[in-house]
Amino acid sequence: MNNPISDRSLFVKAFYGLLLRDLRVISRELAPFLLRVGMQPLLFLFVFTYIMPRMAGGSPMASTAGPGFGTVLLPGLMAVAIMFCGIAAVALPLSTEFGSTREIDDRVMCPVPVAAVALEKVVFSALQSIVAAGLVIPMAIWIPASPVYPDLHRWPLMAIVLVLSSLLAGALGLAIGSSVSPRHIGLVFSILVVPITFLGCVYYPWAYLDKIRWLQIAVLLNPIVYICEGLRSAVTPQVHSMPVWIVLPALVVFLAILGRLGLRAFLRRVIS
Amino acid sequence: MIVEIEALTKVYEGKQRVVAVDGIDLEVKEGEIFGLLGPNGAGKTTTIGVATTRTLPTSGKVRINGIDVVDQPARARRSIGVVPQFNTLDRSLTIFENLYYHCRYFGFSHAQARDRSDQLLAQFLLTERRKAFPAQLSGGLAQRVQIARAIAHRPTVLFLDEPSAGLDPQSRLAMWTAVQSLRKDGITVLLTTHYMEEADALSDRVAIVDHGRLLALGSPQKLKDTFGAQTIIQLTLRQTDQLAALAAELATRSGVQNIETLDDGLRLFTTGAEGLLPDLIQSAARLGLRDIAINEPSLETVFIHLTGRDLRE
Ligand SMILES: Nc1ncnc2c1ncn2[C@@H]1O[C@H](COP(=O)(O)OP(=O)(O)O)[C@@H](O)[C@H]1O
Ligand SMILES: [Mg+2]
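Residues numbered from 1 in each chain as written. Chains lettered and ligands numbered in written order. Predicted model: local features only at pLDDT ≥ 70, side-chain atom pairs only at ≥ 80, totals over all residues. Heavy atoms only, no water.

A. Inspection of the side chain of B:Glu32 at higher detail. All names here are of chain B. Position of Glu32 relative to the elements: it lies in the loop between β2 (18–28) and β3 (33–37). On the accessibility criterion, Glu32 (7% relative accessible area) is buried. Polar side-chain contacts of Glu32 include one of 2.9 Å to the side chain of Arg205. For Glu32, the residues in contact, after removing those within four places along its chain, are Glu27, Thr188, Val189, Asp204 and Arg205. (Helix = DSSP H or I, 4+ residues; strand = E, 2+ residues; numbered from the N terminus. Buried < 20%, exposed > 50% of the residue type's maximum accessible area, 1.4 Å probe, protein only. Polar contact = N/O pair within 3.5 Å; in protein donor to acceptor, adjacent residues only side chain to side chain. Contact = heavy atoms within 4.5 Å.)

B. A look at the environment of A:Ala89. All names here are of chain A. Turning to its location among the elements, Ala89 is positioned in helix α3 (residues 67–98). For Ala89, a relative accessible area of 10% translates into the label buried. What Ala89 contacts, discounting residues up to four positions off in sequence, is Ser125 and Gln128.

C. Fine view of the pairing of strand β10 (residues 213–218) of chain B. All names here are of chain B. Here strand β9 (residues 205–210) runs beside β10; their pairing, made up of five bridges, is antiparallel. Paired with Ile208 across the bridge in β10 is Ala216. The antiparallel hairpin formed by β9 and β10 contains two residues in its connecting segment, where His211 sits at a positive phi of about 50 degrees. (Pairing = 2+ DSSP bridges.)

D. Spotlight on the site of ligand 1. Residues and elements named next belong to chain B. Surveying the vicinity of ligand 1 reveals the residues Tyr12, Val18, Ala20, Pro39, Asn40, Gly41, Ala42, Gly43, Lys44, Thr45 and Thr46. At a separation of 3.0 Å, an oxygen atom of ligand 1 approaches a polar backbone atom of Gly43. Within the contact set of ligand 1, an oxygen atom lies 2.6 Å away from a side-chain nitrogen or oxygen of Thr45. Isolated, ligand 1 exposes 560 Å² of accessible area, and the fraction of that covered by the protein chains is 61%. Sorting elements by how many residues they give to the shell around ligand 1 places helix α1 (residues 44–51) first, with three residues. (Near = heavy atom within 4 Å. Areas by Shrake-Rupley, 256 points an atom, 1.4 Å probe, with all protein chains shown as cover.)

Now the structure itself:
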């Protein structure tokens, strides 16, 4: 046509431009970003693996808390950090950008398929999730009374689980951000995100739920379970975890479902 | 043709079925400023929405530069610049960054985007505000930034939806100047408005739309010559029982070409108010003349002629 740039090279450049824009915006609020992702794992590790173990037997948590608990907690806290980023990096900004200001309009009008704008949001959120999950590891080494060392021998598995989980969190954020108004986003956080996190085998391995069989089966519908179990088998193989051949396909399936839902909701908001 | 709209319809299915666009045909030529004039709810925004790939048509076709907007929306967007009805500047970016990243979205390199943004800031007299954030700008300035951003990637056609809605008169004039200066760059403009002065002042050609239909099309002068070379005098009366008699009486006055009877008065289509007024007032006084409104020949009188309604109603 009259434009010499080929479609594919334009796609790459536009996508890169969208990423640059998000990087610029986050660079303005680096401190809030770090506090946001760091505070929860910091406090958790401090209370349960530093304070609790020092309390003589009187603590009801004493039997489970301690070095063992720290090891159980590490992948769980990484999972929470990943989920939290998906919400904070996609759902919250998207919800306002779709809101009264409709700031997303200019990006939607860029010369690539509209789905690419949604994809960029998910990818950018995934990058943040990976950084956030990485931040948890040094904390787990330094804070607990007895350090928790992740086993990084299985790094290819860890990389795959991290990437899938981070994209999954971004897709969930896309679905929430595109369908919930800014006014209700806090509510969705309390009635959806908090419960699936608490019931997502973050603070205990899934296998330990065998005493409560109905719950063990019910939580299989919760994608966070697979994120935690996947990270467990990658980072702390000494703790019993779900087999990889279940975890990875489950992550892929949930990513496909949430990605589709998120994209549908996004397109509905953008094209009338 | 830069913009071709063929038999366009858009129906919003919902609790209430709304036919927003009801068979519109339009062509916008290269380099012209084209005005879509109509009251609120006429379907202007919906028409622009389809042409800018944001609304899916129920039927009909729109081509931009020969590219079908439904089949190849991403490609069509390369040729399109849009200033929507509301301020959609990126609140998290400065004015300069709004322009810069817009260029990046369109594939510009860092240096190209930086130079183009600087040049636009200068062209639109915004250089001093380059570090400001959109929330710190007045409506008029924000509108100028939006226009600068919309043309940053050098589109062939710029869509402006109600560009002067909410602007004070001074900012409106500045905006008009900015739009007229686009002609130099060879940018085709399609703007919507419900201000007839705006359509008259800016457009080479105007299409008058109402209820999703196109009522008339042509240069402002041609429209006035064809439909509204008349001065419309509207009399609002207290007593309405003898309207017909009064109408019959006034119809005989020289200069009165046509009379319409309204609920609370009469609408006279005349060759001019001068000379006629004293006589009219005297005759109408019998029925308790409450108000008299005079519309000199304008796109307003064209619209009244075509629809029997005021643009503002
Ligand atoms: N998304 C929508 N859903 C339902 N009805 C709509 C939607 N957008 C516009 N309409 C209706 O379509 C008609 C035309 O609207 P619009 O194109 O915005 O007119 P204009 O821009 O000329 O004021 C109006 O009756 C409006 O209420
Ligand atoms: Mg409108």
